[in-house]
Amino acid sequence: KSSKREWKPLEDHSCTDVPWLLLFILFCIGMGFICGFSIATGAAARLLSGYDSYGNICGQKNVKVEGIVNSGLDLTHKKYVFFLDPCNIDLVHQKIKSIALCVSACPRKELKTLADIQNFAETNGSTLCSYELQPSEYTTDPRAAKLCPKFPVPESAPIPFFHRCAPVNISCYAKFAEALITFVSDSSVLHRLISGVMTSKEIIMGLCLLSLVLSMILMVIIRYISRVLVWILTILVILGSLGGTGVLWWLYAKQRISVGALETQVAKDNLQALLIYAIAATVFTVILFLIMLIMRKRIALTVALFHVAGKVFIHLPLLVFQPFWTFFVLIVFWTYWITVLLFLGTTGSPVPNEEGFVEFRMAGPLKYMWWYHVVGLIWISEFILACQQMTVAGAVVTYYFTREKRNLPFTPILASVNRLVCYHLGTVAKGSFIITLVKIPRMILMYIHTQLKGKENACARCMLKACICCLWCLEKCLTYLNQNAYTATAINSTNFCTSAKDAFVILVENALRVAAINTVGDFMLFLGKVLIVCSTGLAGIMLLNYQRDYTIWVLPLIIVCLFAFLVAHCFLSIYEMVVDVLFLCFAIDTKYNDGSPGREFYMDKVLMEFVENSRKSMKEAGRGGGAEGRELKPM
């Protein structure tokens, strides 16, 4: 019965889900309390200035810690943290297993003997051995083997803003990666991969910029050739996939002929990588052709909405920049979140550990603050993304339900942001909280699955994966329903539950259209992403081909293609939102208007032609009646 309620687009606005806005504000105040608490307990100073293994903060006077020798020192002139063995990483506890000291300066050259360390201390005034040893005792005291750095001491440089001495040599970081990437059995492979990335860094940056430019160009092209966009994308993807596959096989054949003259490991690795790429590209091309063959008759269903979406971008050009603002806000929030998380890692009271050094630990309920902080990461991130969805929905709804496009607001995007801030922040908070409730159990199950890898039996592993898969599907369904609920809120200014119910009724009544448009439309946008990734990857192959004798392609090409897909997804997801909002507006329009005087359609003429042609086809097939064939008259 609720589906019979009249929709009154843009007629009135009222505040929605106010209690949820108050709850969200209280939650954000809690996040601020965690940040303030960590700063007040000295965590900020310990994070930024650094501290040694005895609880002393570098660069200031310190208070004595009961039971800890070498604590309470005046280290005003020693502003940098130096690790005696900086490459010794404990991955289980996620910390450096080394004594840390405060020093006056980082060693800017490699030191190979105790005499070099003594000479460095006398020259620079920076003592690299433990506090109880004087520089004059470095070469004579037998304790120097334990209390001085491990040889050779690598060349180091201070990390900006964090006052830690970090090794300059890349080989030290390669050892970290070797420990993290357990599937690499041959360490020389990892070294070559890292050197390949470092050698090709200019090419990688240039290709990432190319993917950004291609995404912008595709968005501009969508505005002007939306009617033929589907067919152009189809042809380009066919040509691109065929061309990319052909080029890979050609390069493989060419390099296989020349690999006999170059008996280097790099050349063999590149030959094997080319074969894998060529086979994968061939399989992908065959699958792509089969999908296009199956869906070729449904492509026409999407053309009308894509054409109207192109008009929306012409009238609302600021929509193109929505990913930039959202990405910028997310980066700012994530930077804040990571900073506070680092604060929490150094928050607490100094406690002696088993080795006689100091660790900072929180006691009581405060040690669970990081759980609250993790929930805040998910909820606020989803809130920011939901604000983008509501902003886009409000702007497109304003465009669709304004009969005279000349009467549109000067900036519909800003008008939509204004309505969001004034009326609908509570609805956005509630919708994002529902997604958070689904995300958290899925992340917990994924963490359990990771921790139990290789320990659980086959049945438990299967059940865990099934639960994770079900929660993922539920999350995707709720995300889609939330987006339509935001559109309903933008149209009728109703609360979240009412909007979700009304949108669900409309979607169920148009289930076949939803399936066709979402399937074909999403596939077309996926083809756009594939086009950008293939173009960037092809350019990368051609450029990296000039460095094939001394650079491994695998990692640079993977980095470039992942970045290209991420950029293309960010831009084309806005187009996908616009098409979804337009479809819901179109379904509401056809449900409550019939083209008669006083109930004229709001829709664009292209959509009217689409509906009229559909009705004629149904009538010719014997499925239409007199009411189904009436003419659609625009206002």
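Residues numbered from 1 in each chain as written. Predicted model: local features only at pLDDT ≥ 70, side-chain atom pairs only at ≥ 80, totals over all residues. Heavy atoms only, no water.

Tallying each qualifying case throughout the model produces three disulfides. The side chain of Cys58 participates in a disulfide bridge whose partner is Cys102; the two sulfur atoms lie 1.9 Å from each other. Negative torsions about the S-S bond denote left-handed disulfides, and the value of about -80° found for Cys58 with Cys102 makes this one left-handed. Of the two residues, Cys58 is situated in the loop between α2 (43-49) and β1 (80-83) and Cys102 in strand β4 (residues 100-103); the sequence distance between them amounts to 44 residues. Cys102 matches Cys58 in its accessibility class, with the two residues each being buried. (Disulfide = S-S within 2.5 Å. Helix = DSSP H or I, 4+ residues; strand = E, 2+ residues; numbered from the N terminus. Buried < 20%, exposed > 50% of the residue type's maximum accessible area, 1.4 Å probe, protein only.)

With that settled, consider helix α13 (residues 412-451). An α-helix turns once per 3.6 residues; consequently, residues spaced three or four apart project the same way. If you check α13, its first and last C-alpha atoms are just 49 Å apart, much less than what 40 residues at 1.5 Å a residue would give, namely 58 Å. Largest kink in α13: about 85°, centred on His424. (Expected span 1.5 Å × (residues − 1). Bend = angle between axes of the 7 residues up to and from the residue.)

Attention now moves to helix α15 (residues 496-509). In this model α15 runs 20 Å from its N-terminal to its C-terminal C-alpha over 14 residues, within 8% of the 20 Å that 1.5 Å per residue would give. The set of residues buried in α15 consists of Phe496, Ser499, Ala500, Asp502, Ala503, Val505, Ile506 and Leu507.

Here the focus is the pattern of salt bridges. Within this structure, the stated rule accounts for five salt bridges. Between Arg143 and Asp141 there is a salt bridge; the shortest N-O distance is 3.1 Å. Given a relative accessible area of 40%, Arg143 falls into the partly exposed group. For the salt bridge of Glu475 with Arg442, the shortest nitrogen-to-oxygen distance reads 3.0 Å. Remark: Arg442 occurs in helix α13 and Glu475 occurs in helix α14 (residues 458-492); sequence separation between them is 33 residues. No difference in accessibility class separates Glu475 from Arg442, as the two residues are buried. Residues joined in a network through salt bridges with shared partners are Glu382, Lys439, Arg442 and Glu475. (Salt bridge = Lys/Arg side-chain N within 4 Å of Asp/Glu carboxyl O.)

In this section: the side chain of Asp52. Among the structural elements, Asp52 can be located in the loop between α2 and β1. An unpaired buried charge is present at Asp52: no salt bridge exists, and Lys78, the closest side chain of opposite charge, is 8.6 Å distant. A polar atom in the side chain of Asp52 sits 2.7 Å from the side chain of Tyr131. What Asp52 contacts, discounting residues up to four positions off in sequence, is Leu75, Ala100, Leu101, Cys102 and Tyr131. (Lys, Arg positive; Asp, Glu negative; His and termini not counted. Polar contact = N/O pair within 3.5 Å; in protein donor to acceptor, adjacent residues only side chain to side chain. Contact = heavy atoms within 4.5 Å.)

Inspection of the entire model under this criterion finds 17 aromatic pairs. Relative to Tyr575, the ring of Phe313 has its centre 5.2 Å away and its plane inclined at 5°; by these criteria the two rings are stacked. In this pair, Phe313 sits in helix α10 (residues 300-315) while Tyr575 sits in helix α17 (residues 554-592), placing the two residues 262 residues apart along the sequence. Judged by its relative accessible area of 0%, Phe313 is buried. Between Phe321 and Phe324 the ring centres are 6.3 Å apart and the planes differ by 35°, which places this aromatic pair in the tilted class. According to the relative accessible area criterion, Phe324 is partly exposed, its value standing at 33%. (Phe/Tyr/Trp six-rings, centres within 6.5 Å; stacked < 30°, edge-to-face > 60°.)

All right, on to the confidence of the model for the protein chain then. Across the protein chain, the average pLDDT comes to 79, with 81% of residues at 70 or higher. Counting contacts from residues 623-635, a segment whose pLDDT is below 50, to residues more than four positions away or on other chains yields 23 contacts. (pLDDT = per-residue confidence, 0-100.)

With that out of the way, let us pick up the layout of surface pockets. Leftover empty space is mapped by rolling, across the atoms, a probe with the size of a water molecule. What the second largest pocket holds in volume is close to 1,300 Å³. Taken together, 37 residues form the lining of the second largest pocket, with Leu385, Gln389, Lys476, Thr479 and His569 sitting closest to its centre. Contributions of two or more residues to the lining of the second largest pocket are made by α11 (322-345), α12 (369-400), α13, α14, α16 (511-544) and α17. Across the lining of the second largest pocket, the residue classes break down as 16 nonpolar, twelve polar and nine charged. (1 Å grid on protein atoms, 1.4 Å probe; cavity = no way out; pocket = protein on both sides within 12 Å on 5 of 7 lines; lining within 4 Å. Points joined across faces, edges and corners; volume = space filled by probe spheres on them. Nonpolar A, V, L, I, M, F, W, Y, C, P; charged D, E, K, R; others polar.)

This part takes up the environment of Lys605. Relative to the elements of secondary structure, Lys605 occurs in helix α18 (residues 605-620). Assessed through its relative accessible area of 58%, Lys605 is described here as exposed. Separated by 297 residues in the primary sequence, Lys605 and Val308 have C-alpha atoms spaced 9.2 Å apart.

Membership of the largest hydrophobic core comes to 62 residues, with the highest contact counts inside it found for Val312, Phe313, Leu319, Tyr400, Val578, Leu582 and Leu607. When residues of this core are assigned to their parent elements, the largest contribution, 18 residues, is made by α17. The contact partners of Leu582, leaving out residues within four places of it in the chain, are Leu305, Val308, Ala309, Val312, Val396 and Tyr400. One finds Cys58, Ile99, Ala100 and Ile117 within the second-largest nonpolar core, a separate group that totals 32 residues. (Core = buried A, V, L, I, M, F, W, Y, C linked by side-chain atoms within 4.5 Å.)

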